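Structural description and commentary
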4 protein chains.
Amino acid sequence: LTAGIIGATGYAGAELVRLLKGHPKIDNLKLSSVSYEGDRIEEVYLNFYGVVSEQLVKAEQVIDESDVVFSALPHAVGEQFANICWQKGRFFIDLSADFRFDDDEKTYSEWYGKTYLYPELHKKSIYGLPELNRQKIKDMASKEKLIIGNPGCYPTGALLGIYPASAIFDSQNSPIIINSVSGTSGGGREPQRIIHYSECADSVTPYKIASHRHSPEIERILAVMARSGSTEKTDISAPGIIFTPHLAPMNRGILSTIYIPLSEKWRITSSQKPQEDEIGCLVTRIHNHYSQFYKGEPFVRILPKGTVAATNRVRHSNYCDISLHIDINGSTLIVITAIDNMIKGAAGQAIQNMNIIYGYDEKAGLEAIPMLF
Amino acid sequence: LTAGIIGATGYAGAELVRLLKGHPKIDNLKLSSVSYEGDRIEEVYLNFYGVVSEQLVKAEQVIDESDVVFSALPHAVGEQFANICWQKGRFFIDLSADFRFDDDEKTYSEWYGKTYLYPELHKKSIYGLPELNRQKIKDMASKEKLIIGNPGCYPTGALLGIYPASAIFDSQNSPIIINSVSGTSGGGREPQRIIHYSECADSVTPYKIASHRHSPEIERILAVMARSGSTEKTDISAPGIIFTPHLAPMNRGILSTIYIPLSEKWRITSSQKPQEDEIGCLVTRIHNHYSQFYKGEPFVRILPKGTVAATNRVRHSNYCDISLHIDINGSTLIVITAIDNMIKGAAGQAIQNMNIIYGYDEKAGLEAIPMLF
Amino acid sequence: LTAGIIGATGYAGAELVRLLKGHPKIDNLKLSSVSYEGDRIEEVYLNFYGVVSEQLVKAEQVIDESDVVFSALPHAVGEQFANICWQKGRFFIDLSADFRFDDDEKTYSEWYGKTYLYPELHKKSIYGLPELNRQKIKDMASKEKLIIGNPGCYPTGALLGIYPASAIFDSQNSPIIINSVSGTSGGGREPQRIIHYSECADSVTPYKIASHRHSPEIERILAVMARSGSTEKTDISAPGIIFTPHLAPMNRGILSTIYIPLSEKWRITSSQKPQEDEIGCLVTRIHNHYSQFYKGEPFVRILPKGTVAATNRVRHSNYCDISLHIDINGSTLIVITAIDNMIKGAAGQAIQNMNIIYGYDEKAGLEAIPMLF
Amino acid sequence: LTAGIIGATGYAGAELVRLLKGHPKIDNLKLSSVSYEGDRIEEVYLNFYGVVSEQLVKAEQVIDESDVVFSALPHAVGEQFANICWQKGRFFIDLSADFRFDDDEKTYSEWYGKTYLYPELHKKSIYGLPELNRQKIKDMASKEKLIIGNPGCYPTGALLGIYPASAIFDSQNSPIIINSVSGTSGGGREPQRIIHYSECADSVTPYKIASHRHSPEIERILAVMARSGSTEKTDISAPGIIFTPHLAPMNRGILSTIYIPLSEKWRITSSQKPQEDEIGCLVTRIHNHYSQFYKGEPFVRILPKGTVAATNRVRHSNYCDISLHIDINGSTLIVITAIDNMIKGAAGQAIQNMNIIYGYDEKAGLEAIPMLF
């Protein structure tokens, strides 16, 4: 298979290059870049020296010569190329937000300040979270869909943590709180003050509180989940969420600490503070529920009880780690999820989607074992 | 004044040394250390070379020769010295948890695994959070109290963020969530795996979820606040809290992101999603409330609307920065607080307490301007 | 092939586990640990959870059941196991210093404070730097040698930088200066103060100046090179070296900045300061020399003129990057080498040696593309 | 005294603001900024919120209203303001390179690509390294000199390490090698790729090898030292130097590892490898020499034998720490110097110069005790 990457010199693009170069089913890579057209990628990324020598060409040429096209362009730039791919019958896997909102142009416009150029195209896309939509992704081609809207990094970690809880949480009660901490690579390769070394090293900084673009993405998918009745609880309305992103001095990783109020059926309701063993029992029930829910998932790891998810346990891998905890009062489920924002949160998940589309082993090219450092 | 520090070679002790050395009212320092008895402190901390040359002696000698004694010993080790100080009529400012629970030995024992050696002594102490107990600290001597239980680092940032909200939050509703991220210096000077460089660099790790010793401290003080009627709302019961600490790769600082459900009187109750200007108005009301609440406080900064607290804005200072935000649905107050865990969270607050006791300018010795890096 | 790792739970051991798990020729892994005997390695390294589940057994059992044995034990602990392997005819690849000194027990004893338990065994070993000794490693078995003394991390980066210069440097002149900066993982997994986060983050610290154990290793191999006439210059005496290691706040990587005085034949001798183009010519000559020297080497990259080696260009790979520069006066060659200390500096090089011994593709299991972060 | 800072919003400017705000002799601060004219500095640096509220005005106004003017503008921008100050009889302390070359316009032009606008002005300046030129700085006003060329950060650490060695080193032999590692703040506040977090974190990178602008500054001052006969050795010619800067992932600090070949008089010349006690004796002699040389210097600390200078021992202070070591062969002196690049390497040294000019205690405003973290 020949894979094309347009926007190959940003961080997500370069990560696609690295991972696809080692993918057993990919024979050729075609790469585009506006800024570095004509250069070889090893000249832009010296770490690729002597290993990845493909020349950077125009996006159109990449599309012409590829079987599947990954777009790592900024939001609202790639839609034109999606359209060309559509015309040519190519799969288009988009790492930007452009195809994450289906035909809900209103929400997209409100948060991204752009309108759809090709509204019809947005009915041809699937939200590429395999754990939610695997079957739909498998069936894409037969359903005349060719476009994957690859999920945002924060939504990936948040949704995988919340998804199994739809049967558990108290939809009548307070919102689900998603407190996330991200590494700096999510900010991309272009220098900017917030990720200038001296401004962000040795500090933790919240940002875009109650105003990050990933909020509506998370809310929309939670609503879809609720509607779809894909869970045992069918009359659920979408939960409210509060999402607060923070920046931490690390290169990779997103840790999400998610607070989910338990429904009456699940929470401990004794008037006294619960005993340790009551809490322990509840953790076990929930642990079993999550383990069952994600049984067979190649990239979700429900960590053993008593251990805690952390970003350095998934580093450089496509895993989403999940650890489960109960508040001392037995009323709130605390879910911790950890992903590598560049892999499961971007390039790895895109490749996972490609693997599903083509019927490859879902782990092909994504078998890197996590490294502690 | 002669100030003594027992346990001077741990990180909190060394920070006391550094700050007291530059304090305009302190003429002499007396330092003790079990591990390094006989050495000069500049031999232990080479950064002090040629600047702080005091010799490390026995704790008893320090107490003998000092007017005020700071204890930076581990929990349950310093109580004997508190008793000696009490016998001799010395002020004893304890940075451990031993005197943070007054006569509630039960809670202390449950969480710290020790009983009180001198139960009577625990009626002679004040919880040293000046913003809450300034008057009590001023009057200590006249009330036959000589002991300060200096607050924990996490509780300081959490309580200062929650304190003004007692008139605002919905006590009937869900718990207050305190999601905190700390630098590594809180773990102390003794090498241990969780703060071994390769294990914690470039990663964020939650720990002691729903089981950190600072939870009962926060809960106890919130209950005291509620009982004391120190706020306009007098019939309040103590709010439940969920406290989740995380470790981030930074030397100093604690950032607490606190989610406080608003009472009916304060939250926006329209059935529609609130308009931006409604949110803006609410932020302004709350901002005014907090500003008024902390008016004249020398070390609390309510940041301008639209800005966000971060640990690198309070680095090396005694400030607690607070920024205020409202959830997109107008129902939850998000308070961000940032402190330097070694200063406002430990040594600086201890000195602030000393300044109040002695009637010094509360800022004496604590005027360092925060450094971005 | 079944590979055994004794001492599998240290950092180098765990890195061997990770790399060998993905090695196309390794069917089984056998792992030992004294500290964690009976546990599964995924319980010690949560990053391995669900991926590497081998149980930790006794070293003797590992040796029994393996074809090739890697030892990641501390110095002077593994010799007994080398002897068992020898008795059983197993290859033994030792990551400690025990077999880096051949029969020069005197130097080993002087620097490591131990004597040889089995002096005969030290005649059966090869210094496992493939770029120097590839043929000898290939021929090991036929020469009745079964033991690899895997090079130290610093010596690997230093020797690869100096090796081609034997024809270039001025042996009569001043010593070669090797100024190296290492990441913290070289200090291992056991907590100790020098790599305690708060002691080493945000700082650079030289250590063991003129007294690091890797000095005699470098000197010995340089002398061997000189004697062996493996270069065009046959009458060379071993150059003196000055080696200064530093610790930097990074997880992985060693950067060596090496200052080599040029011999008369190579240096620019005009009495005037050389012109830019003279310098340029000299750089080109030397660049050609190095490129020629390492032609075909799978893991040495001579970087393009005008670029500079850095540790984040070889991260997680087995490459040694080399960049070449000339002092402004045209008299000193400045060689910069960068390696990942855990891979080319330890586990990767050990596997490279195994690949050579068994006649596998030398890159097998070591094809990871370097990551910028 | 009223102090003015032009270019107050860069990192060096902001550091001047912070230090001068706490200076006991400075009553008023006047600040200029082109980019933020009209704002208050606390709006640009939120860490200054509520503490430093001065408004940013035009440079001309700052000059009008100040007694002494600090310029933290980029190279070749401030000369016009130096001229205005000269006209008005104001002291002008320039942190750029413009006045570090006296009347040697040729060298300045070659390296900085600019010519002098006011050549006469460059005869009115002093190179502001107090340890070298204290008397000249004291006498400035009386000698009709009003301008300080504040030394570069790298030259400060290098020169203080080399200065006492003029009587010791072998000028006939090979060059002095200065291998320096700097934190990122030296790169300034403007975002750029080399100090973009993901590009420089967790890595060490050499840069501008044999081509950094601080090379000619170091060489020029070494030549001045040699000519001036300010040392016991009068017939010295300036030593050649090789200077290699590196970037490390830390906010502050420059560590210089300096290799100085010893003259025959000082080096150990036995044909055998020297004994440990011979080395020890030599270290003692050199240690005494350096200690004597810097006797009474308020900001130079010759560290005890057996200890090593590191950047986290001088953090946030104006100290230059120096540790002294001898190569194992007794022929090379290894001097390690550590400074805080923002303080002794920039703002602190500028204030030290001001203190000398005005006859204040040289330590006024610079008494911060170094912090380990």
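Everything numeric in this text was worked out from a predicted model, so none of it was measured. (Residues numbered from 1 in each chain as written. Chains lettered and ligands numbered in written order. Predicted model: local features only at pLDDT ≥ 70, side-chain atom pairs only at ≥ 80, totals over all residues. Heavy atoms only, no water.)

1. A few points about the overall build of chain A
Let me state the cut-off plainly: Numbered from the N terminus, helices here are DSSP runs of H or I no shorter than four residues, and strands are runs of E no shorter than two. In this setup the radius of gyration rests on C-alpha atoms only. A globule is expected at 2.2 Å times the number of residues raised to 0.38. Each residue is placed in one exposure class: buried if its accessible area under a 1.4 Å probe, protein chains only, is under 20% of its type's maximum, exposed if it is over 50%, and partly exposed if it falls in between. By definition in these notes, contact holds between two residues if any of their heavy atoms fall within 4.5 Å. Each accessible area value is a Shrake-Rupley result obtained with a 1.4 Å probe; residue values ignore everything except the protein chains displayed when judging cover. Charge assignment in this entry is limited to Lys and Arg as positive and Asp and Glu as negative, and neither His nor the chain termini are counted. Just so you know, the charge point we use is NZ for Lys, CZ for Arg, CG for Asp and CD for Glu.
Tallying secondary structure elements over chain A gives 11 helices and 14 strands in all. Computed over C-alpha atoms, the radius of gyration of chain A comes to 21 Å, within 12% of the 21 Å expected from 2.2 N^0.38 for 373 residues, which places it in the range of a compact globule. By its C-alpha atoms, chain A is 70 × 45 × 40 Å across when sized along the principal axes. Put simply, chain A has 373 residues, and 66% of those count as buried. At a minimum sequence separation of 6, the contacts of chain A that also span at least 24 residues come to 70%. Put simply, chain A shows about 12400 Å² of open surface, and 46% of that area lies on carbon and sulfur atoms. Positive and negative side-chain charges in chain A, numbering 37 and 42 respectively, have mean positions lying 2 Å apart.

2. Thoughts on the packing of helix 7 (residues 153-162) of chain A against helix 11 (residues 343-357) of chain A
Residues and elements named next belong to chain A. Quick note on the threshold: Each axis is a line fitted through C-alpha atoms, and for a helix only the stretch in contact is used; angles between axes span 0 to 180 degrees, taken between their N-to-C directions. The scheme is simple: roughly parallel for angles under 35 degrees, roughly antiparallel for over 145, roughly perpendicular for 65 to 115, oblique for anything else. Classification used: nonpolar for Ala, Val, Leu, Ile, Met, Phe, Trp, Tyr, Cys and Pro, charged for Asp, Glu, Lys and Arg, polar for all others including Gly.
Contact geometry of helix 7 with helix 11 gives a least axis separation of 8 Å together with a crossing angle of 100 degrees. Our classification of the angle between helix 7 and helix 11 gives roughly perpendicular. Across the interface between the two elements, Cys153, Thr156 and Leu160 from helix 7 touch Lys344, Gly345 and Gln349 from helix 11. For the contact of helix 7 with helix 11, the class distribution of residues is 2 nonpolar, 3 polar and 1 charged.

3. Regarding the relation of the copies chain C and chain B
Worth spelling out the cut-off: Least-squares superposition aligns the copies on the C-alpha atoms of those residues with pLDDT at or above 70 in both.
Overlaying chain C on chain B yields an RMSD of 0.0 Å, the required transformation being a rotation through 180 degrees with an accompanying axial translation of 0.0 Å. Such values leave the two copies arranged in the relation of a two-fold axis. Here 100% of the contact residues of chain C are again contact residues in chain B; the copies associate through an equivalent surface.

4. Side note on the relation of the copies chain B and chain A
In the superposition of chain B on chain A (RMSD 0.0 Å, axial shift 0.0 Å), the rotation amounts to 180 degrees. Most of the interface of chain B is mirrored in chain A, where 100% of its interface residues again form contacts.

5. Some thoughts on empty space enclosed by the protein
Applied cut-off: In this analysis the probe radius is 1.4 Å and the grid spacing 1 Å, with only protein atoms considered; a cavity is a set of points the probe fits into but cannot get out of, a pocket is an open set with protein on both sides within 12 Å along at least five of seven lines, and lining residues have an atom within 4 Å of a point. Grid points are joined across faces, edges and corners, and a volume is the space filled by probe spheres set on the points.
In the structure shown here, the tally under the stated rule is 14 cavities of 30 Å³ or more. Approximately 210 Å³ is the volume found for the largest cavity. Looking at the lining of the largest cavity residue by residue, the classes come out as 12 nonpolar, 1 polar and 4 charged.

6. Quick notes on the pairing of strand 2 (residues 28-32) of chain A
Stated precisely, the cut-off is as follows: Note on pairing: DSSP must find at least two bridges between two strands before they are called paired.
Here strand 1 (residues 2-6) of chain A runs beside strand 2 of chain A; their pairing, made up of 5 bridges, is parallel. When the sheet's bridge partners are listed, Thr2 of chain A is paired in strand 2 of chain A with Asn28 of chain A.

7. Comments concerning the pattern of salt bridges
All names here are of chain B. We apply this condition: Definition used for salt bridges: Asp or Glu carboxyl oxygen within 4 Å of a side-chain nitrogen of Lys or Arg.
Within this structure, the stated rule accounts for 80 salt bridges over all chains. Here Arg252 ties to Asp340 by a salt bridge, and the two come within 3.0 Å at their closest N and O atoms. With a gap of 88 residues between them, Arg252 in the loop between strand 10 (241-247) and strand 11 (254-261) and Asp340 in the loop between strand 14 (332-339) and helix 11 (343-358) connect regions that are remote in the sequence. Neither residue differs from the other here; Arg252 and Asp340 are each classed as buried.

8. Some points on the sheet that holds strand 11 (residues 254-261) of chain D
Residue and element names in this part refer to chain D. Pairing is mixed in the open sheet, where 7 strands are placed in the order 9-10-8-11-14-13-12. Each having just a single partner strand, strand 9 (205-206) and strand 12 (300-302) make up the two edges of the open sheet. Note: strand 11 against strand 14 (residues 332-339), 8 bridges, orientation antiparallel. Directly across from Ile258, in strand 14, lies its bridge partner Val335. Contacts between helix 7 (residues 153-162) and the sheet are confined to strand 8 (176-182), strand 10 (241-247), strand 11, strand 13 (320-326) and strand 14, with strand 11 contributing the most and set at about 40 degrees to the helix. Helix-sheet contacts for helix 10 (residues 276-293) involve strand 11, strand 12, strand 13 and strand 14, and the interaxial angle to strand 13 is about 155 degrees.

9. Some thoughts on the interface of chain B and chain A
Definition in use: Put simply, buried area is the surface a 1.4 Å probe can reach on two separate parts but cannot reach once they are joined, added for both. Here a polar contact is taken to be a pair of N or O atoms separated by no more than 3.5 Å, where protein atoms must pair a possible hydrogen donor with a possible acceptor and residues adjacent in sequence count only if both atoms sit in side chains.
Opposite the 48 residues of chain B that make contact, chain A presents 48 residues. Interface of chain B and chain A: buried area, both sides summed, is about 3700 Å²; carbon and sulfur atoms make up 57% of it. The three residues of chain B that bury the most area against chain A are Asp202, Val204 and Tyr259 of chain B, which together make up 16% of that side's buried surface. Counting across the interface, chain B meets chain A through 4 salt bridges. For Lys273 of chain A, the salt bridge goes to Glu110 of chain B, with nearest N and O atoms at 3.7 Å. At the junction of chain B and chain A, the tally comes to 18 residue pairs in polar contact (both at pLDDT 80 or more). Taken together, the elements giving at least two residues each to the side of chain B that touches chain A come down to helix 5 (105-112), strand 8 (176-182), helix 8 (197-200), strand 9 (205-206), strand 10, strand 11, strand 13 (320-326) and strand 14 of chain B. Partitioning the side of chain B that touches chain A into residue classes produces 26 nonpolar, 15 polar and 7 charged.

10. Details of the interface of chain C and chain B
One frequent convention defines the size of an interface as the accessible area lost when the parts assemble. With 21 residues of chain C at the contact, the number on the chain B side is 21 residues. Both faces combined, the contact of chain C with chain B buries some 1800 Å², and carbon together with sulfur accounts for 45% of it. Per-residue buried area on chain C facing chain B is highest for Arg193, His196 and Tyr197 of chain C; these three make up 41% of the total on that side. Inspection of the region where chain C meets chain B yields 2 salt bridges. A salt bridge links Arg193 of chain C to Glu190 of chain B, with the shortest nitrogen-to-oxygen separation between them at 3.0 Å.

11. Some remarks on the packing of helix 1 (residues 11-21) of chain C against helix 11 (residues 343-358) of chain C
All names here are of chain C. The condition that has to hold: Note: crossing handedness is left-handed where the near helix turns anticlockwise from the far helix by less than a right angle, and right-handed where it turns clockwise.
Contact pair helix 1 / helix 11: the axes reach a minimum separation of 10 Å and the direction vectors enclose 45 degrees. As summarised for this structure, helix 1 and helix 11 are arranged oblique, according to the angle between their axes. When you trace helix 1 past helix 11, the crossing you get is right-handed. On helix 11, the residues touching Ala12, Glu15, Leu16, Arg18, Leu19 and Leu20 of helix 1 are Ile343, Ala347, Gly348, Ala350, Ile351 and Met354.

12. Section: the side chain of His316 of chain B
Here His316 of chain B shows up in the loop between strand 12 (300-302) and strand 13. For His316 of chain B, the side chain forms a polar contact with the side chain of Arg252 of chain B, separated by 3.1 Å. Only 3.3 Å separates the side chain of His316 of chain B from the backbone oxygen of Phe373 of chain D, close enough to count as a polar contact. Excluding residues within four positions of it along the chain, His316 of chain B makes contact with Arg18, Arg252, Asp340, Ile343, Ala368 and Met371 of chain B together with His316, Met371 and Phe373 of chain D.

13. Concerning helix 10 of chain D
All names here are of chain D. Worth spelling out the cut-off: Here the expected length of a helix is defined as 1.5 Å per residue gap, with one fewer gap than residues. Regarding the arc, it is the one traced by the directions from the helix axis to the C-beta atoms.
Helix length check: helix 10, at 18 residues, gives a terminal C-alpha distance of 26 Å against a target of 26 Å (1.5 Å per residue), a fit within 8%. For helix 10, the set of buried residues is Ile279, Leu282, Val283, Ile286, His287, His289 and Tyr290. For helix 10, the buried positions fall inside an angular range of 160 degrees around the axis, keeping them on one side. Across from the buried face of helix 10, at angles greater than 90 degrees, the exposed residues are Asp277, Cys281 and Gln292. Turning to helix 10, the residues buried within the fold contact helix 7, strand 11, strand 12, strand 13 and strand 14.

14. Concerning the sheet that holds strand 9 (residues 205-206) of chain A
Residues and elements named next belong to chain A. Read from one edge of the open sheet, 7 strands run 9-10-8-11-14-13-12, paired in mixed fashion. The sheet terminates laterally at strand 9 and strand 12 (300-302), the two strands that pair on one side only. Examined bridge by bridge, strand 13 (residues 320-326) and strand 14 (residues 332-339) share 7 bridges and lie antiparallel to one another. The partner of His325 across the bridge, within strand 14, is Ile334. Its contacts with the sheet put helix 9 (residues 214-228) on strand 8 (176-182) and strand 10 (241-247), and the angle it makes with strand 10 is roughly 140 degrees.

What is shown is where atoms sit, not what they do.
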